Amino acid sequence: PNNPYTNMPSPLQLAQEHLQAGRTDEAILALEGEVSQNPESSEGWRLLGQLHAENDQDVEAIYCLKKGHEVDPYNLDSLLALGVSCTNELDAPQALSHLKTWLANHEEFQSLDGVTAPTPPLSDFLAVKQQVASLFTRAAAMSSVVNSPALTDVHVALGVVHTIDRNFEAAIHHFAEALKARPKDYSLWNKLGATLANSGHSEASLAAYHQALALKPNYTRGWSNLAIAHANLDHYEDAIRFYLTALSLNGKAKHIWHYIHTALLHQGRYDLLTAVEQQSVPALATHFPGVVSRDALPPPSSEPPEDSKLVLSRIYASLAHG
């Protein structure tokens, strides 16, 4: 209701301009205007899904990405994004199915042996996983894609496949390989950070999250994941501060309140639980100095704050000692 972009010309172009300037909320409104005016806009749905995912709202992200996939089943970016979002929502069979469809429809992998073979029933998860892992591993070895952007996407997909398989060491390797080609990709730094944290290396994950947040300071999911890593390290004060920063960026990410509740219990701050029940960021922020409001965020950086090779080598050194 009352979305000014519903009647504006070229809302998709306006959304892209807002994104360039780091105005995520305005971009979301413009994209909602785009898909309202043009329900067949696959790119509008895809971008809207991407922004919901970045705002830590996977249910909404998957809805939009699926709409984009319905109107254009061959939008490769939508398929890859669906694979990632379904993994976040713990729907592994569906994630693998989308990733295989991405591979089968990518012009660089049309000649890959077995890529057009039927996918086993999603109920046979092991068979699906084995088929998709084998296809992507062979895709990564194809000589024709050695210097192609498609190889970077294959590394991203393999990172997701190995995450599903809980083979975190392999997932970390593939996300790191992708980052060598795309060091400015904040979502990739976030994926690497989450994989490190999920594998028990929360200390190492911090460097990856800091890279992501320097590149996109209003990245709700990045702040939320940074908070989770600090909570894993028993740094509850920092965790709460970063959870509140995430909520100040996107108050719709209601699940974050559950994490704050847990962190406060660990701290023994029962006096603050009422503020959690009331879902009041300002009330809690007075007790945790350093919560960053949207207006106080620095502008997005066009370059990572640290040389990506140095960060990756430091992460690997940390893993070797861990």
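A short tour of the structure in this document, coming up.

Definitions and cut-offs
Residue positions are given per chain, counting from 1 as you read along its sequence in written order. Selection of residues for local features in this predicted model requires a pLDDT of at least 70, selection of side-chain atom pairs for listing and counting requires 80 or more, and totals for whole chains, interfaces and linings are taken over all residues. Based on all heavy atoms of the structure, the side-chain values leave hydrogens and waters out of the count. Where helices and strands are cited, they refer to DSSP runs of H or I of at least four residues and of E of at least two residues respectively, numbered from the N terminus. Throughout, radius of gyration means the C-alpha value; the globule benchmark is 2.2 Å times the number of residues raised to the power 0.38. The classification of residues rests on relative accessible area computed with a 1.4 Å probe and restricted to protein chains. Under 20% of the type maximum is buried, over 50% is exposed, and intermediate values are partly exposed. With residues, only the protein chains shown are counted as cover, and all accessible areas are computed by Shrake-Rupley using a 1.4 Å probe. Asp and Glu are treated as the negative residues and Lys and Arg as the positive ones, with His and the ends of the chain left uncounted. To locate a charge, take NZ of a lysine, CZ of an arginine, CG of an aspartate or CD of a glutamate. Multiplying 1.5 Å by the helix residue count minus one yields the expected span of that helix. Every residue pair with non-hydrogen atoms within 4.5 Å of one another is taken to be in contact. In plain words, nonpolar cores are sets of buried Ala, Val, Leu, Ile, Met, Phe, Trp, Tyr and Cys residues tied together by side-chain atoms within 4.5 Å. Definition of a polar contact: a pair of N or O atoms within 3.5 Å, with one able to donate and the other able to accept a hydrogen when the atoms are protein atoms, and with sequence-neighbouring residues admitted only if both atoms are side-chain atoms. Aromatic contacts are taken between Phe, Tyr and Trp rings whose centres are within 6.5 Å, Trp giving its six-membered ring; a plane angle under 30 degrees counts as stacked, one over 60 as edge-to-face, and the others as tilted. The term salt bridge refers to a side-chain nitrogen of Lys or Arg lying within 4 Å of a carboxyl oxygen of Asp or Glu.

## Thoughts on the overall build of the protein chain
Now for step 1: Broken down by element type, the protein chain carries 17 helices and zero strands.
Now for step 2: By the compact-globule yardstick of 20 Å for 322 residues, the protein chain fits well, its C-alpha radius of gyration being 20 Å.
Now for step 3: Counting only C-alpha atoms, the protein chain reaches 60 × 55 × 40 Å along its principal axes.
Now for step 4: For the protein chain, the residues scored as buried account for 51% of the 322 residues in total.
Now for step 5: About 14,800 Å² of surface is accessible on the protein chain, with carbon and sulfur atoms providing 52% of the total.
Now for step 6: Considering the protein chain, the positive charge centre built from 21 side chains and the negative charge centre built from 35 side chains are found 2 Å apart.

## Some details on helix α11 (residues 202–215)
Side chains of residues three or four places apart in an α-helix project in the same direction, reflecting 3.6 residues per turn.
Now for step 1: Helix length check: α11, at 14 residues, gives a terminal C-alpha distance of 20 Å against a target of 20 Å (1.5 Å per residue), a fit within 8%.
Now for step 2: For α11, the full list of buried residues reads Ser202, Ala204, Ser205, Leu206, Ala207, Ala208, Tyr209, Gln211, Ala212, Leu213 and Leu215.
Now for step 3: Contacts made by the buried residues of α11 are with α10 (186–198), α12 (220–232) and α17 (308–321).

## Focus: the nonpolar core
Now for step 1: Counting 86 residues, the largest nonpolar core has Leu192, Ile260 and Leu284 as the members making the most contacts within it.
Now for step 2: Ignoring sequence-local partners within four residues, the contact set of Leu192 consists of Ile172, Phe175, Leu179, Ala208, Leu312 and Ile315.
Now for step 3: The next biggest cluster of nonpolar side chains, apart from the first, holds 13 residues, and it includes Tyr5, Leu12, Ala27 and Trp45.

## Considering unusual backbone geometry
Now for step 1: Even without glycine at this site, Asp56 takes up a positive phi of about 65°.
Now for step 2: In this model, Gln279 sits at a positive phi of 50°, which is unusual for a non-glycine residue.
Now for step 3: Relative to the helices and strands, Gln279 resides in the loop between α15 (273–277) and α16 (281–285).

## Examining helix α8 (residues 149–164)
Now for step 1: Over its 16 residues, α8 runs 23 Å from end to end, which matches the ideal 22 Å to within 8%, given 1.5 Å per residue.
Now for step 2: Where burial is concerned, most of α8 is hidden: 15 out of the 16 residues are buried.
Now for step 3: Of the residues that open α8, the one with a side-chain oxygen 2.9 Å from the backbone nitrogen of Ala150 is Ser148.
Now for step 4: One or two steps after α8, the chain reaches Arg166, where phi turns positive at roughly 60°.

## What about the packing of aromatic side chains?
Now for step 1: Summed over the entire model, instances satisfying the criterion amount to six aromatic pairs.
Now for step 2: Residues Trp45 and Tyr63 carry aromatic rings whose centres are separated by 6.2 Å and whose planes lie at 80° to one another, so their mutual orientation is edge-to-face. You can see Trp45 sitting in helix α3 (residues 42–54) and its partner Tyr63 sitting in helix α4 (residues 58–71), a full 18 residues away along the chain.
Now for step 3: Note on Trp45: relative accessible area 9%, which makes it buried.
Now for step 4: Since its relative accessible area comes to 49%, Tyr63 is described here as partly exposed.
Now for step 5: Ring centres of Trp223 and Phe242 lie 5.7 Å apart, and the angle between their planes is 40°; on these two criteria the pair is classed as tilted. Placement of the pair is Trp223 in helix α12 and Phe242 in helix α13 (residues 236–249), with a sequence separation of 19 residues.

## Things to note about the pattern of salt bridges
Opposite charge on two side chains permits pairing when their charged atoms draw close.
Now for step 1: Evaluation of the coordinates by the stated rule reveals twelve salt bridges.
Now for step 2: Arg241 is paired through a salt bridge with Asp238; the nearest N and O atoms lie 2.5 Å apart. On the criterion of helical spacing, the pair formed by Arg241 and Asp238 is a turn pair, its members being three residues apart in helix α13.
Now for step 3: For Asp271, the salt bridge identified is with Arg269, shortest N-O distance 3.1 Å.
Now for step 4: Exposure remark for Asp271: the relative accessible area of 51% places this residue in the exposed category.
Now for step 5: Three or more residues are tied together by salt bridges with common partners; here these are Asp56, Asp58 and Arg221.

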